[in-house]
Amino acid sequence: MSLFAEGASLKWLAVTPPKWSDPAQLLAHFGDNALRYIAQFVLWLVLFTVAVTALGRKARDFVPSFAVLYALSIVIFALGQWTQANYYNLEPPLVALGLGLLIANLTRVPAWLEAGFRVEFYIKIGIVLLGATLPFSLIVWAGPVAILQASIVSIATFLVIYTVARWLGLDRRLAAVLGAGGAVCGVSASIAIAGAVGAKKEHAPIAISIVILWAIVMIFVLPFVARSLQLPAGVAGAWIGTSEFADAAGIAAAQTYAGFAGHAPGVTGTGEQAVVAFTLMKVVGRDVWIGLWAFVLALLATTRWEPAEFGRKADASEIWWRFPKFVIGFLVASLIITWVARDYGMADYNKLVVPSLVAPIKDLRSWAFIFCFLSIGLTTRFRGLAHAGLKPFAAFSAGVVVNVLLGFVLSAYVFAGHWTALGQ
Amino acid sequence: MAQAIRRCGVCAHFRNDPAYLEAAIPGLSSLSSGDASVRAEDGLCLRHDRYLGARAVCGDFAAAGPAIQG
């Protein structure tokens, strides 16, 4: 922000590979801008190393790992900028995910190299940077509909998974962990609810394995089905936000659809609409309520399911302790950009603020998301997942069907006008 | 007071270090992480094989170190 206030620009640091059709163009770009890439790498490295060290991780493990991740990210980013990339469906999120999955599942990645593959870390930084490009008024305008739509789908999905799981004879706590994983925020919800209800050791890994499998499948299914239905970008983003199971996987799907907007036949709207609609739906509509889910389920677990065990009591403070704090960063970033741009009319905003501040932040966000997409693939080893069993898988899958269909009806019909008009 | 001191969070059977949990819970590091704030201070009880909040208590408490006075 201070760079903008002083009349300078983040543009120099936020370098990205340009559109290219001939590899010689690309090589010339890297030759001319090598210093900018080095500076950007150092910027990321310093910021991330400080953060992971504060989290108790070792800098000496993180630094070489992130260097490898950054080098791979340059390749992915450059490939996505190829003028024929869209024609061959080489969307950066899908390429990053596919490459990561191949490396993780077909080779033996040394343990020291994994320290930098922090999916959740990069996705949260990307979402905070997304907040820094959104006027706060847009969040206020779209937030209530996102909360309403997401709540309808979350409650329906949870009840379906929980009911089917109980009908199949599964433990109440496993049913709750599965239900939250499908209804709220995937792996994070599964682990949060496991703690809230005092789940058995094996419950969380079962739910996490199923969440990961479905989340990976949906990264590919949702964008391509939405494209075949020619959904407007905002509508597709809302559907993905309602029906994907994890933030990182959902951003990968939404960013893929963003690549279709304006390129694929019949897909109207802007790529930004897909990403923003997804984020509002997933983050504001679903993620922020995990503490409330945990409190209610803890209340049930300690008063109805096993009142005498472990002397536990449901505590309303859980709502705050489990609140995903990055959402505060997302909202504060939006408030800051809104305050910075408060004195600019639309013409000056587009002429001055967008090129020197908003566009570079979007470019930095793109980097953070690519780090994330690669890390998803590089940390997903199918052979390392827990064996889930048929009954938990069936219960969760019943919720997937309801979640996807209900999310589609609400996004493409009930609230279609709202999501089509997002940000316009 | 005694119950607050004897809670799971300071029990020798309890593990809630993020790195430990990521190694112990398959898939946790794939789409999420042990550092997520939604996890609060929950962890694994190796005595009962349960995933519990740090404020839970039970009769099998074992002091984790000399600083803990049961």
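Structural data are supplied above this passage.
The model shown is predicted, which means the values in this text are computed figures rather than measured ones. (Residues numbered from 1 in each chain as written. Chains lettered and ligands numbered in written order. Predicted model: local features only at pLDDT ≥ 70, side-chain atom pairs only at ≥ 80, totals over all residues. Heavy atoms only, no water.)

Asker: What is the right way to look at a nonpolar patch on the surface in this model?
Answerer: All names here are of chain A. There is a patch of nonpolar side chains on the surface, built from Trp 289, Leu 292, Val 296, Leu 300 and Ile 319 and spanning about 370 Å² of accessible area. The greatest single-element share of the nonpolar patch, amounting to three residues, is contributed by helix α13 (residues 290-305). Here Leu 292 is to be found in helix α13. (Patch = residues over 30% accessible without salt bridge, like charges linked within 9 Å, V, L, I, M, F, W, Y side chains within 5 Å. Areas by Shrake-Rupley, 256 points an atom, 1.4 Å probe, with all protein chains shown as cover. Salt bridge = Lys/Arg side-chain N within 4 Å of Asp/Glu carboxyl O. Helix = DSSP H or I, 4+ residues; strand = E, 2+ residues; numbered from the N terminus.)

Asker: I'm lost on the sheet that holds strand β3 (residues 50-52) of chain B in this one. Help?
Answerer: Backbone hydrogen bonds hold the strands of a sheet together, and the pairing may be parallel or antiparallel. Taken together, the three strands give an open sheet; going across it, the order is β1-β2-β3 (chain B), and neighbouring strands pair in antiparallel fashion. The open sheet has two edge strands, β1 (14-15) and β3 of chain B, and neither has a second partner. (Pairing = 2+ DSSP bridges.)

Asker: Just to check I follow, could you spell out the packing of helix α10 (residues 233-243) of chain A against helix α11 (residues 247-260) of chain A for this structure?
Answerer: Angle between the axes and distance between the axes: these two values describe a pair of packed helices. All names here are of chain A. Running from amino to carboxyl end, α10 crosses α11 at an angle of 165°, the nearest separation of the two axes being 10 Å. When the axis of α10 is compared with that of α11, the two are roughly antiparallel. For α10 against α11, the interelement crossing comes out right-handed. Facing Ala 233, Ala 236 and Ile 240 of α10, the residues of α11 in contact are Gly 250, Ala 253, Ala 254 and Tyr 257. (Axes fitted to C-alpha atoms, helices over the stretch in contact; angles between N-to-C directions. Parallel < 35°, antiparallel > 145°, perpendicular 65-115°, else oblique. Left-handed = near helix turned anticlockwise from the far one by under 90°. Contact = heavy atoms within 4.5 Å.)

Asker: Any chance you could explain the interface of chain A and chain B here in plain terms?
Answerer: Quoted interface sizes are often the accessible area lost when the parts come together. Facing 45 residues of chain A, the contacting portion of chain B comprises 30 residues. Surface buried jointly by chain A and chain B totals about 3000 Å² across both partners, of which 59% is contributed by carbon and sulfur atoms. Here chain A and chain B share six salt bridges between them. Here B:Glu22 and A:Arg57 are joined by a salt bridge, their closest N and O atoms 3.5 Å apart. For the interface between chain A and chain B, the tally reads 13 residue pairs in polar contact (both at pLDDT 80 or more). For the side of chain A that touches chain B, the secondary structure elements donating two or more residues are α6 (119-131), α8 (172-197), α9 (203-228), α11 and α16 (346-379) of chain A. Here the side of chain A that touches chain B is built from residues that sort into 24 nonpolar, eight polar and 13 charged. (Buried area = accessible area lost by both parts, 1.4 Å probe. Polar contact = N/O pair within 3.5 Å; in protein donor to acceptor, adjacent residues only side chain to side chain. Nonpolar A, V, L, I, M, F, W, Y, C, P; charged D, E, K, R; others polar.)

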